[in-house]
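Take a look at the letters that make up each chain.
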Amino acid sequence: MGGAKEAPSTAEALRLVQTDPHRARQVATACLEHSEAAGDPAGIAAAQRALGLTARQLGDVEGAIGLFRASIATAEGAGLAKPAAEARMSLSVALAFRGDLAQALRETDLAAGVLRGADAAALQMNRALVLQLLGRSQDALDGYRLVLAKFRRQGNVLLEGRCRNNRGLLHWSLWDLKAAEDDFEHAERLFLELGQDLAVADVRWNLGILAARRGDVPSALALLDVADEYYDRHHIPRAYHFIDRCEVLLSVHLVAEARREAERAVEELSRAKRGLQLPEAQLSLAHAALLDGDAATAVANADEARRAFAAQRRPSWQALARFAGIRAALLGSERTPATLRAARRTAQLLESLGWAVPSAEARVIAAQVALQLGRPGIAASELKQVSRARRSGPVQLRIQAWHAEALLRSGRGDKRGADGALRAGLRILEGHRAALGATELRVHSSMHGTELAQLGLRLALESGDPGRVLAWAERWRAATLLLPPAREGEGAGAALRHDLTELRLVVAELEKAALEGRETAGLLRRQAALERAVRQRTRQAAGGAAHDATVVKAAVLRAALGDAVLVELVEIDGELYALVVRAGGVRLHALGPLAAVVDELDALRFALRRLARPGGSPERAAAAGASAAFSGDRLDALLLRPLRPELGEGPLVMVPTGALHALPWGLLPTCRGRPVSVAPSATLWHRAQARDREDRQARDAARVVLVAGPGLAGAAAEVMSLRRRYRGAQSFTPRAATVESVLSALDGASLAHIAAHGRFRADNPLFSSLLLADGPLMVYDIERMRRAPRQIVLSACDSGVSGVRPGDELMGLAAALFAQKASTLVASVVPVSDEATRPLMLRYHKALQATGSPAAALARVGQAAVGDDPAAYAAAAAFVCFGAGW
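Residue numbering note: each chain is counted from 1, following its sequence as written. Thresholds applied to this predicted model are a pLDDT of at least 70 for local features of residues and 80 or more for the giving and counting of side-chain atom pairs; totals over whole chains, interfaces and linings are not thresholded and use all residues. The side-chain numbers reported here are obtained from all heavy atoms of the structure, hydrogens and water having been left aside.

Q: Could you give an account of helix H6 (residues 101-112), naming the residues involved and the relevant values?
A: Relative to the 16 Å expected for twelve residues at 1.5 Å per residue, H6 spans 17 Å between its end C-alpha atoms, a close match to the ideal helical length. Residues Leu101, Ala104, Leu105, Glu107, Thr108 and Ala111 constitute the buried set of H6. Along the long axis of H6, the arc covered by the buried residues comes to 155°, so they all point the same way. Along its buried surface, H6 packs onto helix H5 (81-98), helix H7 (117-133) and helix H16 (295-312). Helical segments are the DSSP runs of H or I of at least four residues, strand segments are the runs of E of at least two, and each set is numbered from the N terminus. Take the residue count of a helix, subtract one, and multiply by 1.5 Å to get its expected span. Burial classes: relative accessible area under 20% of the type maximum marks a residue as buried, over 50% as exposed, and values in between as partly exposed (1.4 Å probe, protein chains only). In this context, the arc is that of the directions from the helix axis out to the C-beta atoms. Whether two residues touch is decided by their heavy atoms; if any such pair falls within 4.5 Å, the residues are in contact.

As C-alpha cells, this is what we get:
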C-alpha cells in the first residue's frame, strides 16, 4: 500500500523564491490548488503571497500586486490579521517598484500594528527601502542600522544579507564607496553560506556597478557578465539592469552601445509597468542621446523623467533629470540668463543631495555660460567650488576639477598656469586609460579629455606659438597607440581563441549559405552572439600602469626629419590648421573650414570607388578618372598648395585629422613622385622611426612571409611571383593560409605581404578583417601577436581604413598593427581593382629592393603609373605608406 501524498508546502515555495523562482511558482501553484480543494483560507492566502513574491522576482510587478491584494482579501475575509499584514509587507515593495511610493509607505504603516518579532523587523527593512527610493537617505540609513542589529540578535542571516545589499546600494548612490563595498562583500559571504545563488548573482551585479563607479571598468564588466550568465541560464529577467550597463558603457563613451541598452531598458520597463525604474531608464537614454549629439531625444526623455520623478516625490532624481534637460538645451546652443540661473540652482541642489560628479559638471556649465554672457564674477565663483576636488575622488570628478582650475587661471590671465592645470587633468586620464586593457575601452575613454584638449589647443592658438600648438595637438592625438597592449591570462586567452575560431566557422558558413540562397537569419544571430562574447572577453582584460606619454619635442622631431618635412593637420572649432615642421623650425598656417575639405574628399572617394568597379566602359572609367583628378587637385589647393614654399621637394610625413585619415595622398599633385608617409601622430612617427632602426639590427632580415588568401583572383600568382624575388620566404597558398598558421609566421617577421580580400567594419572596426583559408583574420587576432612584422604590405581593399574617434584615436587593421610594434604598413584606403593590383604590387617590391624605403618605392610606382589607364593610376594612388616610411 502506498502512503498518502505529502501536501505541498508554502514554506518551501517561499524558500525557493530567492534560489529558483520558476520552481517556487510551481510549488506555490500546487499549494494554492491543494488549499482551495481543502477550503483552507490561511493556506490560500499564503500561496497567493508566495506566487506574488515569485512574480515580483520574475519582473511581473503588476501580477505581483494583484496576487498580494488577493492574499490580503482572502486573509481579511477569514479574519486572519497576521497573513494579511505579511501580504501588505510584500505589497509595499511591489508598489514601490511600480512607482507608487506614497501608497507603499501606507501599506507598511497598515502592517506595522500587527507584525511582531522577526516579521516586524522585515517590515522595517522594507520601509527603509521605500524611504531610500524616495531619496530620504538619512532616514533610510537609520532604519537599516536599527533593523540590522535586530537581525543579528535574531540570527536571521538571510534577512541580514538582504538588508546589507540594500544598504550597500544606498551607500553607492551617496558615493560612499568603501561603505558600499563592505556591505556588498558581507552580503555576498552570507548568501554563499546559505546557498542563495540568485542573491549572490544580485550582489555581484552590485559589486560590478561599484567597480564602474571607481573607474575599474574591466572588473565592472567582468562582474556584470558573471551575473548576467546566471540570469540568462535561469531565465530570470532583470530589465532594470540595462540601465546599469548603459551607465557603465557611457563611462567609457561607448555611446552607440549604451544607447541601445537604454532604449531596451525603456521598452522592457514600459512593458513590465516598472514605474519606479522607467524614468531612470529614460534619464539614461537622455544621457546617451546627449553624448550622441541628439538634443531632441535628450530633451524629450529628460522632461518625461523629470515629471515622473516629481510625481513619485524623488527630488534627487528630479534634479538629475533637470540637469540633463539643461545640458540638452545647451546642445541646442541655448545660452541665456535663464539657462545660467537654472544651471546654478541645479548644481546647488545636486551637491546638497550628494551627486558630486553631476554637480561639478553643472557648475562648469554654469561658468561657461556666465563667461559667454559676460559675467566673469559668477563664473569664477562656480569654478572655485569645482576646483577643490582636483586632488581626490572619482576620475571624472578630478578631470572636471582640473578643467575648472584651468578656466579659473585662464580667466585671471595666467595662461601658463592654465596650461599646467590642463596637463594635470590629462595625466589623470592617461592613468585611467592605461588601466583599461581593451583597445575599444581605451579608445573611447579618450572622450573624457575632449574639453581639456580643446581648451589647451585654443589657448595655444591664442598664444600664436607654433611649438605650443604642436605640443597640444600631440598631447591628445592617438594616445591609445602609445600604450603597451594588454594580455589576457592563459585561461582567458584560450577562451578568446575558441570564440574567434567559432566565429570564423560561422562567418564561413554564412557566406556559403548566402551564395547558395539558404536561410541566414540563424547564422546572423549566432555571429552577433559570438561577436558580443569576443567583445565581452576582451573588455575584461586589465591594463597596466600609466605609460610614458611624453610627446616628441619639436627640436627632437626636426632633427629626426633630416631633409623631410612633417605636416600635422589640426582641427579646432571646425577650422583646419597646418603645422609645418622642418629643420628650419615650426610654422602654423590657417587653412579654412574643415567641412569644405571633407566634402571634396567624399567626392574623390566616390570617383575612386567607381574606377574600382569591374566591367565599366572606357568612357565611364575616363569620366571617373577625370573626376578623381579634379577632386585631387581641389584637395591639394585646400591642404598643401598654401604650404608649398615650405615643403621643398623631399619626403613628406603627413599627420591627418578626422576623415582625412582616409585620404589617398598620392593623388594630390604636391605629393606626386615624392615619398609620403602617413602617421597617426608625430610622436608615433618618431617612435616608429626609432624602432625601425633598432629592428633592422635586431631582426633576421631573411624572415619574409608571403600569404595568398582564397577567392582573390591573382593572389596565388602574386605570391608565386614574389617567392622568386624573396628566396627562402615562408609562403602560404590560399588553401594553406589558416589564421593560426599565418599569425604564427607573421609574429616577429621582417617583411610580410598578404594578398587577400579585406573588409573594413564601420560598425565595429575591431572586426575588420582579411579573409584567409578558414575565415577572417580579425583585429582581435592581430592583438594576440607578440610583435607584428617590421614591414607589412596588405594587398587588399580598404585594408588601411581606420575608424576614427575623438582625439584621432584609430581602430582597424592599421592601428592594430602599429600597436603591435609594426614600423611601416603599405595598404589601401579605398577599394582597388584586383586586375590592377597584382602588377602594381610586383613593381612595388622591385622598387622596395632597389630603394630600401617603402615610401620611396610607393612614390616610384605611383609616378610610373601616371601615364597608365585611369584604373591603374587610381590603384597606385589608393595605396598609402603608413608609419616610419623610410
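Q: Describe in detail the layout of surface pockets, supporting the description with residues and values.
A: Here a cavity means grid points, on a 1 Å grid over the protein atoms only, where a 1.4 Å probe fits yet cannot get out; a pocket means an open set of points with protein on both sides within 12 Å along at least five of seven lines; lining residues are those with an atom within 4 Å of a point. Grid points are joined across faces, edges and corners, and a volume is the space filled by probe spheres set on the points. A volume near 1,400 Å³ is recorded for the second largest pocket. Put simply, the parts of the chain that give the lining of the second largest pocket at least two residues each are helix H12 (217-233), helix H13 (241-251), helix H14 (255-271), helix H23 (439-445) and helix H27 (521-539). Looking at the lining of the second largest pocket element by element, the count peaks at nine residues for H27. Under this grouping Gly is polar, as are all residues other than the nonpolar Ala, Val, Leu, Ile, Met, Phe, Trp, Tyr, Cys and Pro and the charged Asp, Glu, Lys and Arg. Among the residues forming the lining of the second largest pocket, the class breakdown is 20 nonpolar, five polar and 20 charged.

Q: Residue-level account of the sheet that holds strand E9 (residues 758-759), with values.
A: Here the rule is simple: two strands pair whenever DSSP picks up at least two bridges between them. Taking strand neighbours across the sheet as the criterion, the three strands line up as E9-E10-E11 in an open arrangement whose pairing is antiparallel. Strand pairing shows two members of the sheet lacking a second neighbour, E9 and strand E11 (775-778), which therefore form its edges. Relative to E11, strand E10 (residues 769-772) is paired through four bridges, and the arrangement is antiparallel. Pairing of leucine 772 across the sheet is with glycine 775, part of E11. Its contacts with the sheet put helix H34 (residues 739-746) on E10 and E11, and the angle it makes with E11 is roughly 35°. Between the N-to-C directions of two axes lies an angle of 0 to 180 degrees, each axis being a line fitted to C-alpha atoms and, for a helix, fitted only over the stretch in contact.

Q: Describe in detail empty space enclosed by the protein, supporting the description with residues and values.
A: Take a probe with the size of a water molecule and roll it over the atoms, and the empty space left behind shows itself. Throughout the structure, instances matching the rule amount to seven cavities of 30 Å³ or more. The volume enclosed by the largest cavity comes to roughly 220 Å³. If you go around the largest cavity, you meet 19 residues; those closest to its centre are Gly666, Cys671, Leu858, Ala859 and Phe879. The set of elements that each furnish at least two residues to the lining of the largest cavity consists of helix H38 (854-864), helix H39 (870-878) and strand E16 (879-883). Ranked by residues supplied to the lining of the largest cavity, first place goes to H38 with five residues. Partitioned by chemical class, the residues of the lining of the largest cavity number 13 nonpolar, four polar and two charged.

Q: Any details on the side chain of glutamine 277? Residues and values, ideally.
A: Relative to the helices and strands, glutamine 277 is located in the loop between H14 and helix H15 (278-291). If we skip the residues at most four places from it in the chain, glutamine 277 touches Phe97, Tyr240, Ile243 and Leu269.

Q: Go over the nonpolar core, please, and point to the residues and values.
A: Counting residues in each nonpolar core, the largest one holds 117 residues, and the members touching the most others are Leu569, Leu639, Leu640, Trp665, Leu817 and Leu825. Apart from residues lying up to four places away in sequence, leucine 569 is in contact with Arg477, Leu576, Tyr577, Ala578, Leu591, Leu639, Val655, Pro656, Thr657, Leu660 and Trp665. Side-chain atoms within 4.5 Å link the members of a nonpolar core, which is a set of buried Ala, Val, Leu, Ile, Met, Phe, Trp, Tyr and Cys residues. Of all hydrophobic cores here, the second largest spans 73 residues; its members include Val364, Ala370, Ala404 and Trp685.

Q: Quick rundown of the packing of helix H4 (residues 61-77) against H5? Include the residues and the values.
A: Contact geometry of H4 with H5 gives a least axis separation of 9 Å together with a crossing angle of 160°. As judged from the angle between their axes, H4 and H5 are roughly antiparallel. Note on packing geometry: the crossing formed by H4 with H5 is left-handed. Facing Val61, Glu62, Ile65, Phe68, Arg69, Ser71, Ile72, Ala75 and Glu76 of H4, the residues of H5 in contact are Pro83, Ala84, Ala87, Arg88, Ser90, Leu91, Ala94, Leu95, Phe97 and Arg98. With respect to orientation, any angle under 35 degrees is reported as roughly parallel, any angle over 145 as roughly antiparallel, any angle of 65 to 115 as roughly perpendicular, and every other angle as oblique. Note on convention: the crossing is left-handed when the near helix lies turned anticlockwise from the far helix by less than a right angle, right-handed when the turn is clockwise.

Q: Kindly report on the environment of glycine 803, identifying the contributing residues and their values.
A: Here glycine 803 is to be found in strand E13 (residues 803-805). Separated by 555 residues in sequence, glycine 803 and valine 248 place their C-alpha atoms 22 Å apart. With sequence-adjacent residues up to four places away left out, glycine 803 is seen in contact with Phe760, Pro765, Glu809, Leu810 and Met811.

Q: So, the pattern of salt bridges: which residues are in play, and what are the values?
A: Once their charged atoms are close, side chains differing in charge can pair, the charge on each being opposite to the other. The salt bridge criterion pairs a side-chain nitrogen of Lys or Arg with a carboxyl oxygen of Asp or Glu, the two atoms within 4 Å. One pass over the full model with this rule turns up 56 salt bridges. Here glutamate 76 makes a salt bridge to arginine 88, at a shortest N to O gap of 2.9 Å. Highlighted residues: glutamate 76 in helix H4 and arginine 88 in helix H5, separated in sequence by twelve residues. The class for arginine 88 is buried, based on a relative accessible area of 16%. Glutamate 382 is the partner of arginine 363 in a salt bridge, and the nearest nitrogen-oxygen pair spans 2.7 Å. Here arginine 363 is found in helix H19 (residues 356-372), whereas its partner glutamate 382 is found in helix H20 (residues 376-387), with 19 residues between them in sequence. Per residue, the accessibility class of arginine 363 equals that of glutamate 382, and both read buried.

Q: Talk me through the environment of asparagine 764; I want residue IDs and the actual numbers.
A: Structurally, the position occupied by asparagine 764 is in the loop between E9 and E10. Once the C-alpha coordinates of asparagine 764 and alanine 578 are considered, the two residues, 186 residues apart in sequence, prove to be 30 Å apart. Apart from the residues lying within four places of it in its own chain, the contact partners of asparagine 764 are Glu440, Arg535 and Tyr780.

Q: An account of the packing of aromatic side chains is requested, with residue identities and associated values reported.
A: Here a Phe, Tyr or Trp ring, Trp counted by its six-membered ring, pairs with any other such ring whose centre lies within 6.5 Å, and the pair is stacked when the planes are under 30 degrees apart, edge-to-face when over 60, and tilted otherwise. Tallied over the full model, the rule gives five aromatic pairs. Relative to tyrosine 231, the ring of tryptophan 205 lies with its centre 6.4 Å away and its plane at 50°, an arrangement referred to as tilted. Of this pair, tryptophan 205 sits in helix H11 (residues 197-214) while tyrosine 231 is found in helix H12, placing the two residues 26 residues apart along the sequence. For the pair tryptophan 205 and tyrosine 231, a shared accessibility class is recorded, and that class is buried. Every member of this aromatic cluster is reached through a ring pair, and the members are Trp205, Tyr230 and Tyr231. Placement of a charge over a ring requires the Lys NZ or Arg CZ to be within 6 Å of the ring centre, with the centre-to-atom vector within 35 degrees of the ring normal. The ring of tryptophan 175 carries arginine 213 above its face, with NZ or CZ at 4.2 Å from the centroid. Taking NZ or CZ as reference, arginine 475 lies 4.8 Å from the ring centre of tryptophan 472, over its face.

Q: Describe the pairing of E10, with residues and values.
A: Across two bridges, the pairing between E9 and E10 is antiparallel. Bridge assignment links arginine 759 to a residue of E10, and that residue is serine 769.

Q: Describe a positive patch on the surface, with residues and values.
A: To count toward a patch, a residue needs a relative accessible area over 30% and no salt bridge; like charges are then connected within 9 Å, while nonpolar side chains (Val, Leu, Ile, Met, Phe, Trp, Tyr) are connected within 5 Å. For accessible areas, the Shrake-Rupley method is used with a probe of radius 1.4 Å. Any residue's cover is judged against the shown protein chains and nothing else. Under the counting rule used here, the positive set is Lys and Arg, the negative set is Asp and Glu, and His together with the chain ends is not counted. To locate a charge, the coordinates of NZ of Lys, CZ of Arg, CG of Asp or CD of Glu are taken. On the surface, Arg322, Arg341, Arg345 and Arg375 cluster together into a patch of positive charge. By the secondary structure assignment, arginine 375 is in the loop between H19 and H20. Judged by its relative accessible area of 35%, arginine 375 is partly exposed.

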